[in-house]
Amino acid sequence: MTLPVFDLCLKNGSVVLPDATVVTDVYVRDGRIARIGGQGDAGRVIDCTGLTILPGVIDTQVHFREPGLTAAEDLATGSMAAVMGGITAVFEMPNTKPATDRPEAVVDKLERARGRMWCDHAFYVGATTDNADRCGELEMLPGTAGIKIFMGSSTGSLLVSDDAVLERVLRSGRRRVAIHAEDEARLHERLSERKAGDPSSHPVWRDEETALRATQRIVRLARRTGRRIHVLHVTTPAELEFLSGHKDIASCEVTPQHLTLAGEEAYAELGTLAQMNPPIRGRKWRDGLWYWMGQGVPDIIGSDHAPHTLEAKQRSYPETPSGMPGVQTLLPLMLDHVAHGRLSLRRVVDMTSAGPQRLFGLVRKGRIAVGYDADFSVVDLAARWTVQQEWLASKCGWSPFVGRELTGRPIGTIIRGNVVMWEGQLAPTAQGKPLLFDATDRPQSV
């Protein structure tokens, strides 16, 4: 009897399937998962004994800074950092220069990504006062992840802080809208709370009430318009408690940085490298996030990868930009939290693979199942290692986690059957493609 011929076989790995984790073989043909278990010949066989094979990890919040802000990052280097960290797909944010707020800007990003981005990708369109009534049209452009609203000022010029304009955005379209929830009026009221040369005053200025007030406002508007929203980088237990009562209309994200760093140590040790929006807060806020993680409220993990040059970050606060790199360390940090018993590996998979697929309607992504894209993040759960500067692929060249000892390491990144990274070595060429979504991409006709 002739055995089937496949392109790739991942052999003897511990495979995280939708309903169980089993040691088995996974076979790939034409970029998709063709068989789980059984026997077959394959053009390439990778021995995964002792390794764990996760569904491809999806980072739904990254800022790769291209066009216009490429001193710190670009689409090539940011996506390289992603695959080095085991990430197979990203949603990239619109606060570039010029902003991604019109069809031509989306087309430009897709063109820039072709042949340069290492992972699969989609681009958010930024909401503005000028395009508020066209967001329903803009969110349907091929290669878009949806609409992003900045309620509070951050890097770039995108800002929609007025309730009337926010309502216009929410009434235009039907896909889930991503929200940076900080109250702009309160930020202006509290500017005097910033202390020159003291980055630890950053979370005093952008306090808990600034975040909670914006989150409550946008949920109220979502209720009024019947529009589903997604609240990004939640930093306060109060927000998560509030959002727990609105899960029918509001999903939410937490970041590895806010789950890992505590302000008491971070600002003393890292200074302005710890500065981001919303801010790293104190230990009680971090511990509160973990409480609500245990209650199951946060839906997904996103890195909010937001690099700036070291030169810019070394200015004196508050003249320093907010943001830190994180796409390459998302999976290692979460694996380390698994190793320390803070959450299960299955929860990580749900928050980084199945969850993004479920919330945003990704096509053929998010699980290891026959017919799905052959996207895998292969990890060594037992590996103990230290984050080294030379491991980093981001153009900005730094991370707040350099020197941190971790347990759990990405070994391989496989995207649509292409081995893009294995044991720190990149494939010869970048092969990322635009992501497909249920809302925007029609099935192929036969």
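Rules and cut-offs
- Residues numbered from 1 in each chain as written.
- Predicted model: local features only at pLDDT ≥ 70, side-chain atom pairs only at ≥ 80, totals over all residues.
- Heavy atoms only, no water.
- Domains from an automatic or database assignment.
- Contact = heavy atoms within 4.5 Å.
- Buried area = accessible area lost by both parts, 1.4 Å probe.
- Axes fitted to C-alpha atoms, helices over the stretch in contact; angles between N-to-C directions.
- Helix = DSSP H or I, 4+ residues; strand = E, 2+ residues; numbered from the N terminus.
- Parallel < 35°, antiparallel > 145°, perpendicular 65-115°, else oblique.
- Left-handed = near helix turned anticlockwise from the far one by under 90°.
- Core = buried A, V, L, I, M, F, W, Y, C linked by side-chain atoms within 4.5 Å.
- Buried < 20%, exposed > 50% of the residue type's maximum accessible area, 1.4 Å probe, protein only.
- Pairing = 2+ DSSP bridges.
- Disulfide = S-S within 2.5 Å.
- Phe/Tyr/Trp six-rings, centres within 6.5 Å; stacked < 30°, edge-to-face > 60°.
- Lys NZ or Arg CZ within 6 Å of the ring centre and 35° of its normal.

**Concerning the domain arrangement of the protein**
Domain boundaries assigned for the protein yield domain 1 (6-53 + 370-426) and domain 2 (55-360). Domain 1 and domain 2 are separated by 26 Å when their C-alpha centres are compared. Contacts between the two partners involve 39 residues from domain 1 and, on the opposite side, 45 residues from domain 2. Each partner contributes to the roughly 3400 Å² buried at the junction of domain 1 and domain 2, and carbon and sulfur atoms together form 68% of this total.

**Quick notes on the packing of helix α4 (residues 163-171) against helix α7 (residues 208-225)**
The N-to-C vectors of α4 and α7 enclose an angle of 45 degrees; their axes lie 10 Å apart at closest approach. One way to sum up the angle between α4 and α7 is to call them oblique. In the packing of α4 onto α7, the handedness of the crossing is right-handed. For the pair α4 and α7, the contacting residues are Asp 163, Leu 166, Glu 167, Leu 170 and Arg 171 in the first and Arg 217, Ile 218, Arg 220, Leu 221, Ala 222, Arg 224 and Thr 225 in the second.

**Here's the deal with the nonpolar core**
With 92 residues, the main nonpolar core has Val 90, Ile 149, Ile 218 and Ile 229 as its most contacted residues. Looking at this core element by element, the count peaks at 6 residues for helix α13 (residues 330-339). Counting contributing residues per domain, this core is built from domain 1 (6-53 + 370-426) and domain 2 (55-360), each supplying no fewer than three. Once residues lying within four places of it in the same chain are set aside, the contact partners of Val 90 are Asp 59, Val 62, Phe 64, Ala 82, Met 117, Cys 119, Asp 120, His 121, Ala 122, Val 327 and Leu 435. Formed by 19 residues, the second largest nonpolar core is a distinct cluster that contains Val 15, Ile 33, Cys 48 and Ala 374.

**Section: the pairing of strand β14 (residues 376-386)**
Judged from the 4 bridges that link them, strand β5 (residues 52-55) and β14 form a sheet pairing that is antiparallel. Its bridge partner being in β14, Thr 52 is matched across the sheet by Val 379.

**With respect to the state of the cysteines**
Within this structure, the stated rule accounts for 0 disulfides. Just so you know, Cys 9 is unpaired, no disulfide at all, and the nearest cysteine sulfur is the one on Cys 48, 8.3 Å from it. Overall, the relative accessible area of 2% leaves Cys 9 in the buried class. The closest cysteine sulfur to the non-disulfide-bonded Cys 396 is located on Cys 119, 16 Å from its own sulfur. Note on Cys 396: relative accessible area 9%, which makes it buried.

**Observations regarding the sheet that holds strand β13 (residues 300-301)**
Read from one edge to the other, the open sheet built from 8 strands follows the order β6-β7-β8-β9-β10-β11-β12-β13, with strand pairing classed as parallel. At either margin of the open sheet sits one strand with a lone partner, and together these are β6 (57-62) and β13. Relative to strand β12 (residues 250-254), strand β11 (residues 229-231) runs parallel, the two being bridged by 3 bridges. Pairing of Ile 229 across the sheet is with Ala 250, part of β12. The strands that α7 touches are β10 (177-180), β11 and β12; relative to β11, the one it contacts most, it runs at about 170 degrees. Sheet strands touched by α13: β6, β7 (87-92) and β13. Its angle to β6, the strand with the most contacts, is close to 120 degrees.

**A closer look at the packing of aromatic side chains**
Counting across every chain of the model gives 6 aromatic pairs. An angle of 40 degrees between the planes, with centres 4.8 Å apart, marks the rings of Phe 6 and Tyr 27 as tilted. With Phe 6 in strand β1 (residues 5-16) and Tyr 27 in strand β2 (residues 21-29), this residue pair connects regions lying 21 residues apart in the sequence. Relative accessible area serves as the criterion here: at 3%, Phe 6 is assigned to the buried category. Here Phe 91 and Phe 360 contribute two aromatic rings whose centre-to-centre distance is 5.3 Å and whose plane-to-plane angle is 80 degrees, an arrangement assigned as edge-to-face. In this pair, Phe 91 sits in strand β7 while Phe 360 sits in helix α14 (residues 345-360), placing the two residues 269 residues apart along the sequence. Phe 360 carries the same exposure label as Phe 91, and that label is buried. Three or more aromatic residues joined by ring pairs form one cluster here, namely Phe 91, Tyr 124, Phe 360 and Phe 437. Directly above the aromatic system of Phe 150 lies the positively charged group of Lys 148, at a separation of 3.8 Å from the ring centroid.

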